[in-house]
Amino acid sequence: MSLSKPKVLIIDELHHSIFPLLESIGVEAVYEPNMAPIQVKEALVSMDGLIVRSKMRITPETVALADNLKFVARAGAGLDNIDVEQLEQQGIRVLGANEGNSQAVGEFTLGLLLSLLRNVSRSHSQVQNKVWLREENRGEELSGKTVGIIGFGNMGQSFARVLQGFNCRLLAYDRYAPEKVCAPVACVSLEELQAEADVVSLHIPYIANNLQFVDDTFFNVFRKPIWFLNTSRGDVVDQQALVNHLKSGRVKGAALDVLENEKLSTLTAQQQQTFGYLAAAPNVILTPHIAGWTHESYVKINEVLVQKIAQLLKENN
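Residues numbered from 1 in each chain as written. Predicted model: local features only at pLDDT ≥ 70, side-chain atom pairs only at ≥ 80, totals over all residues. Heavy atoms only, no water.

Novice: Describe the sheet that holds strand β5 (residues 93-95), with residues and values.
Specialist: Taken in spatial order, the five strands line up as β2-β1-β3-β4-β5 in an open sheet, and their pairing is parallel. Both outer strands of the open sheet, β2 (28-31) and β5, are each paired with one neighbouring strand and no more. Shown here is a sheet whose adjacent strand axes are inclined to one another by a mean of 20°, direction ignored. Pairing of strand β1 (residues 7-10) with β2 involves four bridges; the strand directions are parallel. Its bridge partner being in β2, Leu9 is matched across the sheet by Val30. (Pairing = 2+ DSSP bridges. Helix = DSSP H or I, 4+ residues; strand = E, 2+ residues; numbered from the N terminus. Axes fitted to C-alpha atoms, helices over the stretch in contact; angles between N-to-C directions.)

Structure below.
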């Protein structure tokens, strides 16, 4: 008698490649991208795995009825909508797919930086309005600048790789895994980075210790005015502090792919004020959390997840 296939519940829309990939490792996909969050708890009964993107927070309560759950996998970068520690204490592994969109994030962050330095977004808007200003849009070259990368996981490493052809000096600070930093990138303390950087790019996850990691104090200690990039999570930046330092000139310009509240119809009065400034500022670029959002990464994320699922099931056999 043949054993039944492991079943995985998928509650978010994924690229269709997920089905042959799961089938290739002997896993049955139960695809319910329209399932309401309130239905997930009961749907997990007898499931071996859960794949989620951003539909809901996955807590011990979510999996309370899951009598056979071996893993929760997130089809994306970051695990901030999953209570990782609590689930793993229950013997449920948590899998991420940061490797799947790291190239996309590295390339996009470079694009943001070049757009800032050369006034691409601003001059594009001017020409659309038949305003032709050359001298006013004279920019800066990336070559020769010191770029400080904060967080040197998959995303920070990817950004460092795409920068290597630009004759930059590359510094990286990672408080949890400094051993990941290697030549040609120099491993430095945060204080060294703040003393030397012309450009600062954030590639850190949202965890409790990183809430508003970038605040007034953070900006105040830089020795030079900086260009500031954030393609990680909006919660790691005090948005009011960023606005303050844009106004003072301590921040020369900023590119943000993430905001502290990305549901723009629900902004508080304070958030409306800071968002209004950022949206109108000629030296700020805002994009809708798309750094890792490419056609290629949509597939790569599935490939990474399925490889990790296959390895986990092999270990459990």
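Novice: Before we move on, could you go through the UniProt feature "domain: D-isomer specific 2-hydroxyacid dehydrogenase NAD-binding" (unreviewed entry) in the protein and cite the residues and values that matter?
Specialist: Look at the UniProt record and you will see "domain: D-isomer specific 2-hydroxyacid dehydrogenase NAD-binding" (unreviewed entry) annotated at residues 110-291. This span, residues 110-291, is 34% helix and 16% strand, and a straight line between its end C-alpha atoms measures 10 Å. (UniProt positions renumbered as here; feature names shortened; annotations may be inferred.)

Novice: Tell me about the packing of aromatic side chains, and name the residues and values.
Specialist: Under the defined criterion, the tally for this structure stands at five aromatic pairs. Ring centres of Phe19 and Tyr31 lie 4.9 Å apart, and the angle between their planes is 85°; this geometry places the pair in the edge-to-face category. On the criterion of sequence distance, the pair formed by Phe19 in helix α1 (residues 18-24) and Tyr31 in strand β2 is long-range, its members being 12 residues apart. Residue Tyr31 is classed as partly exposed on the basis of its relative accessible area of 28%. Judged by centre distance (5.5 Å) and plane angle (80°), the rings of Phe218 and Phe219 are edge-to-face. Across this residue pair, the class does not change: Phe218 and Phe219 are buried. (Phe/Tyr/Trp six-rings, centres within 6.5 Å; stacked < 30°, edge-to-face > 60°. Buried < 20%, exposed > 50% of the residue type's maximum accessible area, 1.4 Å probe, protein only.)

Novice: Describe the packing of helix α4 (residues 102-117) against helix α6 (residues 154-163), listing the residues and the values that go with them.
Specialist: The interhelical angle for the contact between α4 and α6, taken along N-to-C directions, is 55°, at an axis separation of 8 Å. Compared by their axis directions, α4 and α6 come out oblique. In this structure, the crossing between α4 and α6 has a hand that is right-handed. In this structure, α4 contributes Ser102, Gln103, Val105, Gly106, Glu107, Thr109, Leu110 and Leu113 to the contact, and α6 contributes Asn154, Met155, Ser158, Phe159, Arg161, Val162 and Leu163. Considered class by class, the residues forming the contact of α4 with α6 number seven nonpolar, six polar and two charged. (Parallel < 35°, antiparallel > 145°, perpendicular 65-115°, else oblique. Left-handed = near helix turned anticlockwise from the far one by under 90°. Contact = heavy atoms within 4.5 Å. Nonpolar A, V, L, I, M, F, W, Y, C, P; charged D, E, K, R; others polar.)

Novice: If you had to explain helix α11 (residues 295-316) to someone new, which residues and values would you point to?
Specialist: For α11, which comprises 22 residues, the first-to-last C-alpha distance of 33 Å matches the rise-based estimate of 32 Å (1.5 Å per residue) to within 8%. Among the residues of α11, those classed as buried are Ser297, Ile301, Asn302, Val304, Leu305, Val306, Ile309, Leu312 and Leu313. Buried residues in α11 make contact with α1, β3 (49-52), β4 (71-74), β5 and α4. (Expected span 1.5 Å × (residues − 1).)

Novice: Give a detailed account of the environment of Leu133, specifying residues and quantitative values.
Specialist: Take Leu133: it is sitting in the loop between α5 (120-128) and β6 (146-150). A relative accessible area of 34% means that Leu133 is categorised as partly exposed. Through-space distance from the C-alpha of Leu133 to that of Ser123 is 7.6 Å; in sequence the pair is 10 residues apart.

Novice: Requested: an account of the nonpolar core, with residues and values cited.
Specialist: In terms of nonpolar packing, the biggest core is built from 30 residues, with Ile150, Val200, Phe218, Phe219, Phe228 and Leu242 touching the most fellow members. Where this core is concerned, the elements lending two or more residues are β7 (169-173), α7 (190-196), β9 (199-202), α8 (216-220), β10 (226-230), α9 (239-248) and β11 (251-256). Here this core gets four residues from one element, more than from any other, and that element is α9. One finds Val147, Ala160, Leu170 and Val185 within the second-largest nonpolar core, a separate group that totals 23 residues. (Core = buried A, V, L, I, M, F, W, Y, C linked by side-chain atoms within 4.5 Å.)

Novice: Residue-level account of the domain arrangement of the protein, with values.
Specialist: Split by domain assignment, the protein resolves into domain 1 (7-96 + 296-316) and domain 2 (101-286). Here the C-alpha centroids of domain 1 and domain 2 sit 32 Å apart. Each partner contributes residues to the interface: domain 1 has seven residues there, and domain 2 has six residues. For the pair domain 1 and domain 2, the summed buried area comes to about 480 Å², and 54% of that belongs to carbon and sulfur atoms. Linking domain 1 with domain 2 are one salt bridge, by the criterion used here. Across the salt bridge formed by Asp80 and Arg233, the nearest N and O atoms sit 3.1 Å from each other. The interface formed by domain 1 and domain 2 contains two residue pairs in polar contact (both at pLDDT 80 or more). Of the residues that constitute the side of domain 1 that touches domain 2, the class distribution is two nonpolar, two polar and three charged. (Domains from an automatic or database assignment. Buried area = accessible area lost by both parts, 1.4 Å probe. Salt bridge = Lys/Arg side-chain N within 4 Å of Asp/Glu carboxyl O. Polar contact = N/O pair within 3.5 Å; in protein donor to acceptor, adjacent residues only side chain to side chain.)

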